[in-house]
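So the chains spell out like this:
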Amino acid sequence: MILSNKELETIVDTTDEWITRRTGIQERRIASKHREETSTDLATQAALNALDMAGMEPNQMDMIVVGTVTPDRQFPSTACMLQKTLNANRIAAFDVSAGCSGFLYALSIVNDAIRAGSCKTALVLGVERLSTIVDWQDRGTCVLLGDGAGAVVVTAASDGRGILSTHLRADGNLWDLLYAQYGHEYLPEVLKDVDIKPFHLRMEGNRLFKRAIGCLSSIATEALEHNSLTSEDIALVVPHQANLRIIQAMAGNLNFPMEKVFTNVHKYGNTSSASIPIALDEANRQGLLKKDDRALLVAFGAGLTWGSSIVTWSI
Ligand code: UT7
């Protein structure tokens, strides 16, 4: 279902005006436990869409890596559950837990595996059902988050296109700025279809906000400098979609006009690991990425973790 800011006004003490002004979010998607919308279901749909666009079959994959903090089960991994639904057996499959940077961590692992020769083609996903771990009584977090999934097919290339580099960082000293903890199971009537888990999310938003801008800016700069590029060499920035104000501040620090920065946070809210692959897919379908364009991907999240990558678009 689509949950609007107006509907959130009936759940917690908030306003459409506050959410829009402070975050840029207008609505978010919420998965249902009744309509085949588990993390595995969302991952399956995203994987099939990516395979279809790549013109490839599941049995051509050598590896499946899923970035997620909301797997359906503690174990086995979402990647193994997905492997079953895709019937892509006897290949490596595992999840990566790196907060909202999960997709970039997964992409980096696959890039290294392909470069090392241990894998030729891989499915990389970001999948989240954050609605299952949201505290629907905490207005500081429940207005921010949404559910979703995105996927890419990564394959070895010899033409110099593709992933130019990846850059990852973490600072576990600050783990307690954003984490899941055991708690109550309150669920508002309007969301009775959510498959809620016995723990919920806690966040120190304001301290995270400041960290996010600094970390995103520095790791994006690192990627540019590593490849001897400037902001003018980048066709599109595809950042993690947590908050429009964070994205605008980062773009300002890096001298990117907002026309070069893709945003869809107004439609989906913060979907953690899923936000970059969803944004990449939308940007691609809207024709914003053309062959040989360079895209800068950049993320920040729980852990704390942050990361970046520069990709030369090859389709
Ligand atoms: O995905 C990666 C990790 N996540 C992030 O990076 C998120 C980073 N943080 C943020 O995006 C922002 O800090 C928030 C959107 C979470 C909050 O925005 P803010 O401008 O930092 O607001 P704040 O936390 O400083 O709160 C300002 C006021 C407070 O009231 P008082 O103390 O000034 O009276 C809050 O209680 O806004 C209040 N408030 C709300 N009011 C209406 C907090 N949440 C809400 C709400 N509706 N939903």
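Residues numbered from 1 in each chain as written. Predicted model: local features only at pLDDT ≥ 70, side-chain atom pairs only at ≥ 80, totals over all residues. Heavy atoms only, no water.

## Quick notes on the sheet that holds strand 5 (residues 121–129)
Moving on, step 1. Taken in spatial order, the four strands line up as 4-3-5-6 in an open sheet, and their pairing is mixed. In the strand order of this sheet, the two ends are held by strand 4 (92–96) and strand 6 (147–155), each with one partner. Averaged over all adjacent pairs, the angle separating strand axes in this sheet is 15°, with direction ignored.
Moving on, step 2. Relative to strand 5, strand 3 (residues 63–67) is paired through five bridges, and the arrangement is parallel. Its bridge partner lying in strand 5, V65 is registered against V124.
Moving on, step 3. Lying over the sheet, helix 3 (residues 39–54) contacts strand 5 and strand 6, oriented at roughly 40° with respect to strand 6.
Moving on, step 4. Packing against the sheet, helix 10 (residues 275–285) makes contact with strand 5 and strand 6, and its axis sits at approximately 70° to strand 6. (Pairing = 2+ DSSP bridges. Helix = DSSP H or I, 4+ residues; strand = E, 2+ residues; numbered from the N terminus. Axes fitted to C-alpha atoms, helices over the stretch in contact; angles between N-to-C directions. Contact = heavy atoms within 4.5 Å.)

## Points about the packing of aromatic side chains
Moving on, step 1. Under the counting rule described, the total for this entry stands at two aromatic pairs.
Moving on, step 2. Ring plane angle 70° and centroid distance 5.3 Å describe the contact between W175 and Y179, whose orientation is recorded as edge-to-face.
Moving on, step 3. The exposure class of Y179 is partly exposed, given its relative accessible area of 27%.
Moving on, step 4. Taken together, a centroid distance of 5.8 Å and an interplanar angle of 80° make the contact between Y182 and F199 edge-to-face. Here the residue Y182 occupies a position in strand 8 (residues 178–182), and F199 occupies one in strand 9 (residues 199–203), the gap between them amounting to 17 residues. (Phe/Tyr/Trp six-rings, centres within 6.5 Å; stacked < 30°, edge-to-face > 60°. Buried < 20%, exposed > 50% of the residue type's maximum accessible area, 1.4 Å probe, protein only.)

## As for the site of the ligand
Moving on, step 1. Close to the ligand lie 24 residues; T14, R22, N206, N243 and N270 are nearest.
Moving on, step 2. Within the side chain of N243, one N or O atom sits 2.8 Å away from an oxygen atom of the ligand.
Moving on, step 3. Surface burial for the ligand is 73%, taken as the share of its 960 Å² of free accessible area covered by protein chains.
Moving on, step 4. Within the residue set of the shell around the ligand, elements represented by two or more residues are helix 2 (16–23), helix 6 (139–142), helix 7 (205–226), helix 8 (244–253) and strand 11 (294–301).
Moving on, step 5. With four residues, the top contributor of residues to the shell around the ligand is helix 7. (Near = heavy atom within 4 Å. Polar contact = N/O pair within 3.5 Å; in protein donor to acceptor, adjacent residues only side chain to side chain. Areas by Shrake-Rupley, 256 points an atom, 1.4 Å probe, with all protein chains shown as cover.)

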